[in-house]
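# Overview (structure and organization)
Residue strings, one per chain:
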Amino acid sequence: MTAVTPAPPSTVVRPAPAGAVPPNRPAGRSRLRTLAGFAFGAALLFAVAPLVLSDFRLALLAKYLCVAMVAVGIGIAWGRGGMLTLGQGVFFGLGGYAMAMHLKLADAGPGGMPDFMQLYGQLDELPLWWRPFASPWFALPATVLLPMAVAFGLGSLVFRRRVRGAYFAILSQALAAAMVILLIGQQGTTGGTNGLTDITGFFGYDLDDPVNQRMVYFIIAGTLLALLALTRQLIHSRYGELLVAVRDGEERVRFLGYDPASVKLVAYVVAAGMAGLAGALFVPAVGIISPALIGIVPSIEFVIGVAVGGRATLLGPVLGAVAVAWARTALSERFPGTWTYLQGLLFVVVVAFLPGGLASLWALARRRDVAAQPLRRGWLSLGRRRAERTEVPAA
Amino acid sequence: MSLFRGRRILAGAMTLVAAAAMTACGSKTTDEGGATGVTADVSGDTVKVGLLNSLSGTMAISEVTVRDSIMLAVDEINAAGGVLGKKIQPVGEDGASDWPTFAEKAEKLISEDRVAAVFGCWTSASRKAVKPVFEKNKALLFYPVQYEGLEQSPYIFYTGATTNQQIVPGLDYLKSQGVKSVYLVGSDYVFPRTANKIIKAYATANGMTVLGEDYAPLGSTEFGTIVNKVKSSGADAVFNTLNGDSNVAFFKEYKSAGLSAAAMPVVSVSIAEEEVKGIGTQYLEGQLTAWNYYQTTPGAANSKFVAAYKAKYGADKPTSDPMEAAYVGVHLWKAMVEKAGAFDVEKVRSASDGITFDAPEGLVTVDGKTQHIAKTARIGKIGADGLITEVWNSGKPVAPDPYLKTYPWASGLS
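So, how was this worked out
- Residues numbered from 1 in each chain as written.
- Chains lettered and ligands numbered in written order.
- Predicted model: local features only at pLDDT ≥ 70, side-chain atom pairs only at ≥ 80, totals over all residues.
- Heavy atoms only, no water.
- Helix = DSSP H or I, 4+ residues; strand = E, 2+ residues; numbered from the N terminus.
- Rg over C-alpha atoms; globule rule 2.2 N^0.38 Å.
- Buried < 20%, exposed > 50% of the residue type's maximum accessible area, 1.4 Å probe, protein only.
- Contact = heavy atoms within 4.5 Å.
- Areas by Shrake-Rupley, 256 points an atom, 1.4 Å probe, with all protein chains shown as cover.
- Salt bridge = Lys/Arg side-chain N within 4 Å of Asp/Glu carboxyl O.
- Domains from an automatic or database assignment.
- Buried area = accessible area lost by both parts, 1.4 Å probe.
- Polar contact = N/O pair within 3.5 Å; in protein donor to acceptor, adjacent residues only side chain to side chain.
- Nonpolar A, V, L, I, M, F, W, Y, C, P; charged D, E, K, R; others polar.
- Phe/Tyr/Trp six-rings, centres within 6.5 Å; stacked < 30°, edge-to-face > 60°.
- Lys NZ or Arg CZ within 6 Å of the ring centre and 35° of its normal.
- pLDDT = per-residue confidence, 0-100.
- Expected span 1.5 Å × (residues − 1).
- Bend = angle between axes of the 7 residues up to and from the residue.
- Pairing = 2+ DSSP bridges.
- Axes fitted to C-alpha atoms, helices over the stretch in contact; angles between N-to-C directions.
- 1 Å grid on protein atoms, 1.4 Å probe; cavity = no way out; pocket = protein on both sides within 12 Å on 5 of 7 lines; lining within 4 Å.
- Points joined across faces, edges and corners; volume = space filled by probe spheres on them.

Moving on to the overall build of chain B. Helix and strand content of chain B: 13 helices and 15 strands. In summary, chain B has a C-alpha radius of gyration of 24 Å against a globular reference of 22 Å for 414 residues, a match within 12%. The principal-axis extent of the C-alpha atoms belonging to chain B is close to 75 × 65 × 45 Å. Counting only residues that meet the buried cut, chain B has 60% of its 414 residues in that class. Long-range contacts, defined as pairs at least 24 residues apart, comprise 68% of the intrachain contacts of chain B with a sequence gap of at least 6. Accessible area of chain B: about 14800 Å², with a carbon and sulfur share of 53%.

Looking only at helices and strands, chain A features 16 helices and 2 strands. Sorting the 395 residues of chain A into buried and exposed places 58% on the buried side. Here chain A has roughly 15900 Å² of accessible surface; of this, 69% comes from carbon and sulfur atoms.

What follows covers the pattern of salt bridges. Taken as a whole and assessed by the stated rule, the structure comprises 32 salt bridges over all chains. Note that B:Arg127 and B:Glu148 form a salt bridge whose closest N and O atoms lie 3.2 Å from each other. Within this pair, whereas B:Arg127 is found in helix α4 (residues 124–137), its partner B:Glu148 is found in the loop between β4 (141–143) and β5 (156–158), the two being separated by 21 residues in sequence. Residue B:Arg127 is classed as buried on the basis of its relative accessible area, which comes to 0%. A relative accessible area of 1% means that B:Glu148 is categorised as buried. Among the salt bridges present, the one from B:Arg127 reaches B:Glu151, with a minimum N-O distance of 2.9 Å. A residue pair is termed long-range when its members are at least 10 positions apart, and B:Arg127 in helix α4 and B:Glu151 in the loop between β4 and β5 qualify at 24 residues. Both residues of the pair, B:Arg127 and B:Glu151, count as buried. Where salt bridges share partners, they join A:Lys63, B:Glu93, B:Glu104, B:Lys105, B:Lys108 and B:Asp113 into one cluster.

Quite often, the size of an interface is put as the accessible area lost when its parts meet. Residues and elements named next belong to chain B. Here the domain parsing of chain B yields domain 1 (46–161 + 300–374) and domain 2 (164–297 + 378–410). Averaged C-alpha coordinates put domain 1 and domain 2 at centres separated by 26 Å. For the pair domain 1 and domain 2, the two sides together bury roughly 2600 Å², of which 59% comes from carbon and sulfur. Applying the counting criterion to the domain 1 and domain 2 interface returns 0 salt bridges. Counting across the domain 1 and domain 2 interface gives 11 residue pairs in polar contact (both at pLDDT 80 or more). Counting only elements with at least two residues in the side of domain 1 that touches domain 2, the list comes to α2 (60–79), α11 (300–313), α12 (321–340), β12 (362–367) and β13 (372–374). Among the elements that take part in the side of domain 1 that touches domain 2, α11 stands out by supplying 4 residues, more than any other. Grouping the constituent residues of the side of domain 1 that touches domain 2 by class yields 11 nonpolar, 12 polar and 8 charged.

So, on to the packing of aromatic side chains. Inspection of every chain in the model, using the stated rule, returns 30 aromatic pairs over all chains. When the ring of A:Phe159 is compared with that of A:Tyr268, the centres are 5.6 Å apart and the planes differ by 85 degrees; the resulting orientation is edge-to-face. Here A:Phe159, found in helix α5 (residues 136–160), pairs with A:Tyr268, found in helix α11 (residues 260–286); they are 109 residues apart in sequence, far enough to count as distant. On the accessibility criterion, A:Phe159 (3% relative accessible area) is buried. Its guanidinium or amino end placed over the ring of B:Tyr143, B:Arg127 lies 4.8 Å from that ring's centre, counting from NZ or CZ. Positioned above the aromatic ring of B:Tyr215 is the side chain of B:Arg193, whose terminal nitrogen or guanidinium carbon lies 4.1 Å from the ring centre.

A few words now on the confidence of the model for chain A. Put simply, chain A has an average pLDDT of 84, and 86% of its residues get 70 or more. α11(A) holds the highest mean pLDDT among the elements of chain A, 96, whereas helix α16 (residues 384–389) of chain A holds the lowest, 44.

Take the side chain of B:Thr289 next. All names here are of chain B. Along the chain, threonine 289 falls in strand β10 (residues 288–291). Engagement of the side chain of threonine 289 in a polar contact is seen with the side chain of tyrosine 294, the distance being 3.1 Å. Once residues lying within four places of it in the same chain are set aside, the contact partners of threonine 289 are Ser268, Ile271, Tyr294, Arg378, Ile379, Gly380, Ile382 and Ile388.

Residue and element names in this part refer to chain A. Between its first and last C-alpha, α5 extends 35 Å over 25 residues, near the 36 Å set by a 1.5 Å rise per residue. Of all bends in α5, the biggest is about 50 degrees, found at alanine 142. In this structure, the buried residues of α5 make contact with α3 (88–108), α6 (166–185) and α11. The residue sitting at the N-terminus of α5 and contributing the capping side-chain oxygen is serine 135; that oxygen lies 3.1 Å from the backbone nitrogen of tryptophan 137. Backbone geometry just downstream of α5 places arginine 162 in the positive-phi region, at approximately 60 degrees.

Looking at chain B, the pLDDT average stands at 89 and 91% of residues meet or exceed 70. Both scores are available for the predicted complex, with the pTM at 0.85 and the ipTM at 0.80.

The next thing to look at is α3(A). Residue and element names in this part refer to chain A. Between its first and last C-alpha, α3 extends 30 Å over 21 residues, near the 30 Å set by a 1.5 Å rise per residue. Counting buried positions along α3 yields 18 of 21 residues, so the element is predominantly enclosed. Once α3 ends, the next one or two residues include glycine 109, with phi positive near 85 degrees.

The pairing of strands in a sheet happens through backbone hydrogen bonds and is either parallel or antiparallel. Residues and elements named next belong to chain B. In space, the 7 strands of this open sheet follow the order β7-β6-β8-β9-β10-β14-β15, with mixed pairing throughout. Single-partner strands in this sheet number two, and they are β7 (209–216) and β15 (388–393). Between one strand axis and the next, the sheet turns through 25 degrees on average, direction left out of account. Pairing analysis gives 3 bridges linking strand β8 (residues 237–241) to strand β9 (residues 266–268), with the strands arranged parallel. Across the sheet, valine 238 pairs through a bridge with valine 266, a residue of β9. Sheet contacts for helix α6 (residues 190–205): β6 (181–187), β7 and β8; angle to β7, the most-contacted strand, approximately 175 degrees.

Next up on the list: the environment of B:Gly160. All names here are of chain B. Here glycine 160 is to be found in the loop between β5 and α5 (167–176). Glycine 160 gets classed as buried once you look at its relative accessible area, which sits at 0%. C-alpha of glycine 160 to C-alpha of proline 397: the two residues are 237 residues apart in sequence and 13 Å apart in space. Discounting residues that sit within four places of it in the chain, glycine 160 has contacts with Tyr143, Pro144, Val145, Gln146, Gln165, Ala325 and Lys375.

All names here are of chain B. Considering all chains together, one arrives at 7 cavities of 30 Å³ or more under this definition. Considering only enclosed or pocket space, the largest cavity measures out at about 100 Å³ in volume. Lining the largest cavity we find 13 residues, and of these Trp122, Val145, Gln146, Tyr189 and Asn243 sit closest to its centre. Class assignment of the residues belonging to the lining of the largest cavity gives a composition of 7 nonpolar, 5 polar and 1 charged.

In structure tokens, the structure reads:
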């Protein structure tokens, strides 16, 4: 990290004010390229995909894009912030359950009870703590704010006590395991292992209708693009620089007068919010949220997608998450008996030969092409140079 | 890069979303009709059916045997000329022991492969995950495993036992043996929790005491505490709804705590021949199970089934209740289609009532109203050779009653 502009600690966690010139400001050409990239992404997601893909494949793409949203958050927390979070499933689940419970309650109608509560809970009325979720004005913000609040609480405790590296990873994973046990144990009020299924409506729209499924896809695609724009802002802000500095030399940053705990906390909370939003949108797209989606294994799968794509880049996590999810579907459809071996092989190949992830493939090709010219900062390799200069230490 | 620029990008994205959403407004939940469903592709000289089982993950060990059994039935039907003159072409998918994957693969089988019916699923959670998919597409699922009841989807045929064909007979048997108190041990998921609710209601009505109820997480192998509690409770019998690997640890602990089948018998509802092999007969000898079929069930149909299975997959492979139910499911579907004279789902459903099949477990009859089948309940004792021999049966097939409506003590359950 060459140019962390010294700033008074009070401004540390605030994003740079509008108009301020952050360090390593991208050149004007690059800004154009960024816009072009967004336009290209939007065209791909909004025009090409709906035209080319069948309803079924489009619904699958919607599911992949939700996973990609979680990946964007992990990209910030792990790729930029060095926090290997193996428990993003918790936040994904909080968002998902908040949304699913609202939709279940909406399906049941005013004063109604979700089917599973009558079956397994033998409850006569809705438990107090589910009641606010009947209102969309509570449930919708809660899908994002609830995971963020949990992340804030946990992060404040953990980062202040300087828990990091493997200890942080283990802690985050234990949280995922605990959440699953809690959900399964409370079968009467959470649906247990079954989770919440059989969701038929989405704010009055019938989810069985392919047209409405398409609408859900568009919402998801739009949200992902918005999150990417937000992330780009974040990692190019003064805060983004500081985050990388904390990743690469926490003690040094502390001695420069910053508080690394708050810097990490912001990244962790943002990543949790993104995971929550992804979980909330996953529910109408897939129609189910269950403990199987938020435990240790799916939490690790989120991270694998990010690692395959390239964790320190902007687009890497998205590409990785979509590629891994797509490969999973494609391989398991073609080779239902042996696909797990092929998937494992794929991970080994990527980790062994492309430690920078799929995103580094692009950079590699460009380096060959324009070997003589100095490296330019491109759409895909956003932030890559910085990442390159400061090789990511083992988390 | 200024924030200002970022806002413009954001605004652009938002406008796109809004525009897309406005052009894409479909039917409301309040609209009549809605989805019409997908029709199966039966134009060729073959008809596709879907096989949806976990071939990877924790459930694979059990579900692969079900897949094998379905394939056996498909081969038999094809060798005999197929269904309505069309050969069955199986399309396999891996549910990967993951419920949302089950839903995804079900959707794929229905809308991409356009299969006429799907056979598979094991856990209740996977069935609950695919149920909306089948109902939305108006497609058929044949579910082969005993389950917790309290369900009746118009697009699912349940060929395994519901509670009144397995758990209730199991309790009746214990009562007839003079058992006055039971201890409940189960894995922590939907089937054991629901089953234990039913058992507690039964116990209250029949003067039995439930001395304790414990759940272990799926896959847990730590049973020291639970077995100690079971031992000190002094119950007459244990009702075991543990699933999978946990049984190995439980029965080992049970034996080392000095408990035996003679002193405190355990009735298990998820241990079949396949599992007995994995747990080890030295731990299980003399313990009881409740099912509808055992490899040792007498009858020509079963001898034929066991011989055909062993010929195809190996002499050391046992046959079990879920495998048999899956095998029966394929044959019942064939009979329904032939009675209906078409693969059309609604026609098949309305033709289903009264369809019979001379199954390995004995004659089974489809009840068109509940879409379950009448099955004979059997209590078995595990022998030293790993096979289960029947000690009691219900004498005749028990009519399915998924909501336990004919049992006064169960009135508060559904």
